[in-house]
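Structural overview for review
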Amino acid sequence: PASRGLDRYREKIRQAADKYALPEALLLAVMAVESNFDHRALSEKGAVGLMQLMPLTAKDMYVEDAWDPAQNIEGGARYLRILANQYGGDMVRTLAAYNAGPEAVRRAGGTVPSIPETQEYVRKVVALYHAYKAGR
């Protein structure tokens, strides 16, 4: 199922990566960990879609329908770009903020918060990023 989802959204992922000057491998890795490429994914906390946008984040990223895969990918990529800019391109802090929120990273002194879920999230996304980057 994951590979079908990936193929279905590959062009939109490429477009968003180009538009926001992000590595395509990063978007793929985030999407894989967040939703396993399932546009119908819904977390217990209310995060929606492929890149698991919270309703307020979706609104802040100009996403009118977070269930729409194209809008969700666009919004998730836009949010990653904003976070990457905020953290000087530091992928680990960017990913920690994407998962736990910028406020949690600030409270942790600008590092990955001591939240097991966030620490595991960052490890998984970084590992997948390197795998996608290597063509695996």
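In case you missed it, the structure is sitting above this.
The shown structure was predicted, so the numbers you read here are calculated from the model rather than taken from an experiment. (Residues numbered from 1 in each chain as written. Predicted model: local features only at pLDDT ≥ 70, side-chain atom pairs only at ≥ 80, totals over all residues. Heavy atoms only, no water.)

Here we look at the packing of helix α4 (residues 69-86) against helix α5 (residues 91-100)
For clarity, the cut-off: For every element, the axis is a line fit to its C-alpha atoms; helices are fit only across the contacting stretch, and the angle between N-to-C directions ranges from 0 to 180 degrees. In this text, helices come from DSSP runs of H or I with a minimum length of four residues, and strands from runs of E with a minimum of two, each type numbered from the N-terminal end. Geometric relationships in this document are graded by angle, where less than 35 degrees denotes roughly parallel, more than 145 denotes roughly antiparallel, 65 to 115 denotes roughly perpendicular, and other angles denote oblique. Crossing handedness is defined as follows: a turn of the near helix away from the far one that is anticlockwise and smaller than a right angle gives a left-handed crossing, while the clockwise case is right-handed. Any two residues whose heavy atoms approach within 4.5 Å at even a single point are treated as in contact. Classification convention: Asp, Glu, Lys, Arg as charged; Ala, Val, Leu, Ile, Met, Phe, Trp, Tyr, Cys, Pro as nonpolar; all other residues, Gly among them, as polar.
In contact at an axis separation of 9 Å, α4 and α5 are set at 130° when each is read in the N-to-C sense. If you check the angle between α4 and α5, you find them oblique. The two elements α4 and α5 meet at a crossing, and its hand is right-handed. Side by side, α4 and α5 meet where G76, Y79, L80, L83 and A84 of the first sit next to T94, A97 and Y98 of the second. For the contact of α4 with α5, the per-class residue count stands at 6 nonpolar, 2 polar and no charged.

Concerning the nonpolar core
For clarity, the cut-off: As used here, the term nonpolar core means buried Ala, Val, Leu, Ile, Met, Phe, Trp, Tyr and Cys residues forming a set that is joined through side-chain atoms within 4.5 Å. Throughout this description, buried means an accessible area under 20% of the type-specific maximum (1.4 Å probe, protein chains only), exposed means over 50%, and partly exposed covers the range between.
I13, L27, V30, M51 and Y98 are the most contacted members of the largest nonpolar core, which has 39 residues in total. At the level of elements, α1 (2-19), α2 (24-35), α4, α5 and α7 (116-133) are the ones that each hand at least two residues to this core. The element best represented in this core is α2, accounting for 8 residues. Not counting chain neighbours up to four residues away, the residues in contact with I13 comprise L6, E24, L27, L28, M31 and I73.

Quick notes on the layout of surface pockets
Put simply, the rule reads: A 1.4 Å probe that fits into a set of points on a 1 Å grid over the protein atoms alone but cannot get out defines a cavity; an open set with protein on both sides within 12 Å along at least five of seven lines defines a pocket, and lining residues are those with an atom within 4 Å of a point. Grid points are joined across faces, edges and corners, and a volume is the space filled by probe spheres set on the points.
If you add up the space inside the largest pocket, you get close to 560 Å³. Every residue lining the largest pocket is counted, 21 residues in all, and those nearest its centre are E34, K45, Y98, N99 and E117. At the level of elements, α2, α5 and α7 are the ones that each hand at least two residues to the lining of the largest pocket. In terms of residues, the lining of the largest pocket owes the most to one element, α7, which gives 5 residues. Looking at the lining of the largest pocket, its residues break down into 10 nonpolar, 6 polar and 5 charged.

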